[in-house]
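# Residue-level structure breakdown
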Amino acid sequence: EAGVVQSPRYKIIEKKQPVAFWCNPISGHNTLYWYLQNLGQGPELLIRYENEEAVDDSQLPKDRFSAERLKGVDSTLKIQPAELGDSAVYLCASSSSRGGGSTGELFFGEGSRLTVL
Amino acid sequence: TQLLEQSPQFLSIQEGENLTVYCNSSSVFSSLQWYRQEPGEGPVLLVTVVTGGEVKKLKRLTFQFGDARKDSSLHITAAQPGDTGLYLCAGDRGKLIFGQGTELSVKP
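The structure reproduced in this document is the subject of the present report. Keep in mind that this is a model prediction, so the values were computed, not measured.

The number of helices and strands found in chain A is zero helices and 11 strands. Walking chain A from its N terminus toward its C terminus, one meets helices and strands in the order β-β-β-β-β-β-β-β-β-β-β. The globule rule puts the C-alpha radius of gyration for 117 residues at 13 Å, and the 14 Å found for chain A is close to it. Projected onto the principal axes, the alpha-carbon positions of chain A cover approximately 45 × 30 × 25 Å. Restricting the contact set of chain A to residue pairs at least 6 apart, pairs at least 24 apart contribute 54%.

A count of helical and extended segments in chain B gives zero helices and 11 strands. N-terminal to C-terminal, the α/β element order of chain B is β-β-β-β-β-β-β-β-β-β-β. Relative to the compact-globule value of 13 Å for 108 residues, chain B shows a C-alpha radius of gyration of 13 Å, a close match. Projected onto the principal axes, the alpha-carbon positions of chain B cover approximately 40 × 25 × 20 Å. Split by element, the accessible area of chain B, about 5000 Å² in all, is 50% carbon and sulfur. Charged side chains of chain B number 10 positive and 11 negative; the gap between the two group centres comes to 5 Å.

Of all hydrophobic cores here, the largest spans 22 residues; its most connected members are A:F21, A:W34, A:L46, A:L77, A:I79, A:Y90 and A:L114. Counting only elements with at least two residues in this core, the list comes to strand 3 (19-24), strand 4 (31-37), strand 5 (44-50), strand 8 (75-79), strand 9 (88-95) and strand 11 (112-116) of chain A. Contact partners of A:L77, with chain neighbours within four places excluded, come to A:V19, A:A20, A:F21, A:W34, A:L46, A:L60, A:F65, A:S66, A:A67 and A:Y90. Among the nonpolar cores identified, the runner-up in size contains 20 residues, and B:L19, B:W34, B:V47 and B:V106 belong to it.

Taken together, the 19 residues of chain B in the interface contact 21 residues of chain A. Roughly 1500 Å² of surface becomes buried between chain B and chain A when both sides are summed, with 46% attributable to carbon and sulfur atoms. When the buried surface of chain B facing chain A is broken down by residue, B:P43, B:K95 and B:F98 rank first, second and third, together holding 27% of it. The interface formed by chain B and chain A holds one salt bridge in total. A salt bridge links B:K95 to A:D56, with the nearest nitrogen and oxygen atoms 2.9 Å apart. For the pair chain B and chain A, the interface holds six residue pairs in polar contact (both at pLDDT 80 or more). Partitioning the side of chain B that touches chain A into residue classes produces seven nonpolar, eight polar and four charged.

Residue and element names in this part refer to chain A. Here L32 shows up in strand 4. With a relative accessible area of 0%, L32 lands in the buried category. Taking the C-alpha atoms as reference, L32 lies 22 Å from S87; in sequence the two are 55 residues apart. Beyond its immediate chain neighbours, meaning those up to four positions away, L32 contacts C23, P25, I47, R48, Y49, R69, V73, S75, C92, A93 and S94.

We now examine the sheet that holds strand 6 (residues 55-58) of chain B. All names here are of chain B. Strands sit in the order 1-3-8-7-6 across an open sheet of five strands; the sheet is antiparallel. Single-partner strands in this sheet number two, and they are strand 1 (5-7) and strand 6. With strand direction ignored, the average angle separating the axes of adjacent strands in the sheet is 15 degrees.

All told, the structure shown has nine salt bridges over all chains when counted by the stated rule. With a closest N to O distance of 2.6 Å, A:D86 and A:R64 form a salt bridge. In this pair, A:D86 is assigned in the loop between strand 8 and strand 9 and A:R64 in the loop between strand 6 (53-56) and strand 7 (65-68), connecting sequence segments 22 residues apart. B:K56 is the partner of B:E54 in a salt bridge, and the nearest nitrogen-oxygen pair spans 3.8 Å. Counted as one network, the salt bridges with shared partners bring together A:R64, A:E83 and A:D86.

Procedures and definitions
- The numbering scheme is per chain: residues are counted from 1 as the chain's sequence reads.
- For naming, the first written chain is A and the first written ligand is 1, with later ones following in the order written.
- Local features in a predicted model are, by the rule used here, given only for residues with pLDDT of at least 70; side-chain atom pairs are given and counted only at 80 or more, and totals for whole chains, interfaces and linings are based on all residues.
- To get the side-chain values, take all heavy atoms of the structure and skip hydrogens and water.
- To qualify as a helix, a DSSP run of H or I must reach at least 4 residues; to qualify as a strand, a run of E must reach at least 2; elements of each kind are numbered from the N terminus.
- To get the radius of gyration, use the C-alpha atoms; to get the globule rule, take the number of residues to the power 0.38 and multiply by 2.2 Å.
- Contacts are assigned to residue pairs with any non-hydrogen atoms lying within 4.5 Å of each other.
- Residue exposure ignores everything except the shown protein chains as possible cover, and the areas themselves are Shrake-Rupley values with a 1.4 Å probe.
- A positive count includes Lys and Arg, and a negative count includes Asp and Glu. His and the chain ends are not counted in either.
- To locate a charge, take NZ of a lysine, CZ of an arginine, CG of an aspartate or CD of a glutamate.
- Put simply, buried Ala, Val, Leu, Ile, Met, Phe, Trp, Tyr and Cys residues joined by side-chain atoms within 4.5 Å make one nonpolar core.
- We call a residue buried when its accessible area falls under 20% of the maximum for its residue type, exposed when it is over 50%, and partly exposed in between, using a 1.4 Å probe and counting protein chains only.
- What counts as buried area is the accessible surface, traced by a 1.4 Å probe, that two parts surrender upon association, with contributions from both included.
- We define a salt bridge as a contact between a side-chain nitrogen of Lys or Arg and a carboxyl oxygen of Asp or Glu at a distance within 4 Å.
- Two N or O atoms form a polar contact when they lie within 3.5 Å of each other; inside protein one atom must be a possible hydrogen donor and the other a possible acceptor, and for residues adjacent in sequence the pair counts only when both atoms belong to side chains.
- Residue classes follow a fixed rule: Ala, Val, Leu, Ile, Met, Phe, Trp, Tyr, Cys and Pro count as nonpolar, while Asp, Glu, Lys and Arg count as charged, and any other residue, Gly among them, counts as polar.
- Pairing between two strands requires that DSSP report at least two bridges joining them.
- Angular values range over 0 to 180 degrees, each being the angle between N-to-C directions of two axes fitted as lines to C-alpha atoms, with helices fitted over their stretch in contact.

All quantities given are derived from atomic positions and should not be read as evidence of function.
Right, here's the structure in full:
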């Protein structure tokens, strides 16, 4: 079974430029997450989707970050314009619904490492 | 304010030593997950603990969930270089909240 696929693996851009990251979750997983991870730190949730609906985007800096999950499968995370402080690894994860408000196992992609110069 | 505090942040030990990583919070969690992350990879689930006081073993790794479901520990016996990585605890309160991680380095 294929895992969570992310692209690109690495991206180097100059500040004020736009950048986009793509994620293909595990087939059948209706919950998709985007996390931001700084070096040696734990992941921080940016946005969570249940199918096409963004159910938690409270930590997404909406002035420059946007995300979409068309048709409830693949997702794209965009930053425009990028700032120096956005340099980090952007992780995508997916999980299947467990119900009862509990979170099951998250399956992570390898991440997209962004460097803003 | 970090909801989940992990300690220590960094740990460098020799092969064969034992170690314990702690994950503490003032909040109650319905469950707690432990992940391990290697450089250039995403985190991978090691275990989920659900019941207060629960102890789970995974080969040389022992995980414990506090009685009040606010804290957890990970104990590794006779650490191996292959145990090197970033260990993350994540508490479930309807969504996963990750600790800041413990960077473990095991030297041969």
